[in-house]
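So you can see what is in the structure, the chains are spelled out below.
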Amino acid sequence: MPSEGLRRLPPGELVLRARGGDEAAWAALTERYSPMLWAIARAYGLSRVDAADVVQLTWLRLVEHIGALRRPARVGTWLAVTARREAARCLRERRGRFDDQPLEVLPDPAVFDAVLAGRERLRAVMEAIGALPDLCRQMLRLLALSPTYAEISAALDIPIGSIGPARARCLASLRKRLEEAG
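Here the structure is a predicted model, which is why all the values come from computation and not from measurement. (Residues numbered from 1 in each chain as written. Predicted model: local features only at pLDDT ≥ 70, side-chain atom pairs only at ≥ 80, totals over all residues. Heavy atoms only, no water.)

**Q** Tell me about helix H2 (residues 11–19), and please be specific about residues and values.
**A** Residue pairs spaced three or four apart in an α-helix point in one direction, given the helix's 3.6 residues per turn. When H2 is considered as a whole, its buried residues turn out to be Pro11, Gly12, Leu14, Val15 and Ala18. Buried positions in H2, seen along its axis, are confined to an arc of 160 degrees and lie on one side of it. Gly21 sits one or two positions beyond H2 and adopts a positive phi of about 95 degrees. (Buried < 20%, exposed > 50% of the residue type's maximum accessible area, 1.4 Å probe, protein only. Helix = DSSP H or I, 4+ residues; strand = E, 2+ residues; numbered from the N terminus. Arc of directions from axis to C-beta.)

**Q** Please set out the nonpolar core residue by residue, giving values where relevant.
**A** By size, the foremost hydrophobic cluster in this structure holds 33 residues, and its most contacted members are Leu29 and Leu46. Taken together, the elements giving at least two residues each to this core come down to H2, helix H3 (23–43), helix H4 (48–65), helix H5 (75–97) and helix H6 (109–130). With nine residues, the top contributor of residues to this core is H3. Filtering out sequence-adjacent residues up to four positions away, Leu29 remains in contact with Pro11, Leu14, Val15, Ala18, Ser34, Trp59 and Val75. (Core = buried A, V, L, I, M, F, W, Y, C linked by side-chain atoms within 4.5 Å. Contact = heavy atoms within 4.5 Å.)

**Q** Give a detailed account of the environment of Ala39, specifying residues and quantitative values.
**A** With respect to the helices, strands and loops of the structure, Ala39 is situated in helix H3. Sequence separation between Ala39 and Gly130 is 91 residues; the distance between their C-alpha atoms is 28 Å.

The structure is reproduced here in structure tokens:
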């Protein structure tokens, strides 16, 4: 079980640590991405046993290729693509064994790519927000809930007139952190 600190590390950092043999980093990676791999395998209509094989083979492929990943921060995308390829391969093999079964409709890979990209963007935004000063984190969370400036003023104990400028500074800081993260 990875420590809470490792769970919060960005994917690229976990990959670099796993490359170096850090077992806790591997545990954090598997904890973070295994549910996604299972969802991909099951979306292909695979049995639980075949889906388990796909998930295990996907992790094996990462072990085999972790040193060659050019963009460690995109490990989630790499895993998703690999899982889709393994699931498709499994289906082809199964069709060869059971030729009389009807061909299943495969999920659209673009859907998985869009979901994964959205999740990666959300994770990056949440990590960037988490790195902001406390006032900015609180203000951005409140603004996301759409309260009035009067409610924000009362909640944060700041003058209403300072909310707009503080909001602008917080958003600029968030934008800068996201640009730096890529």
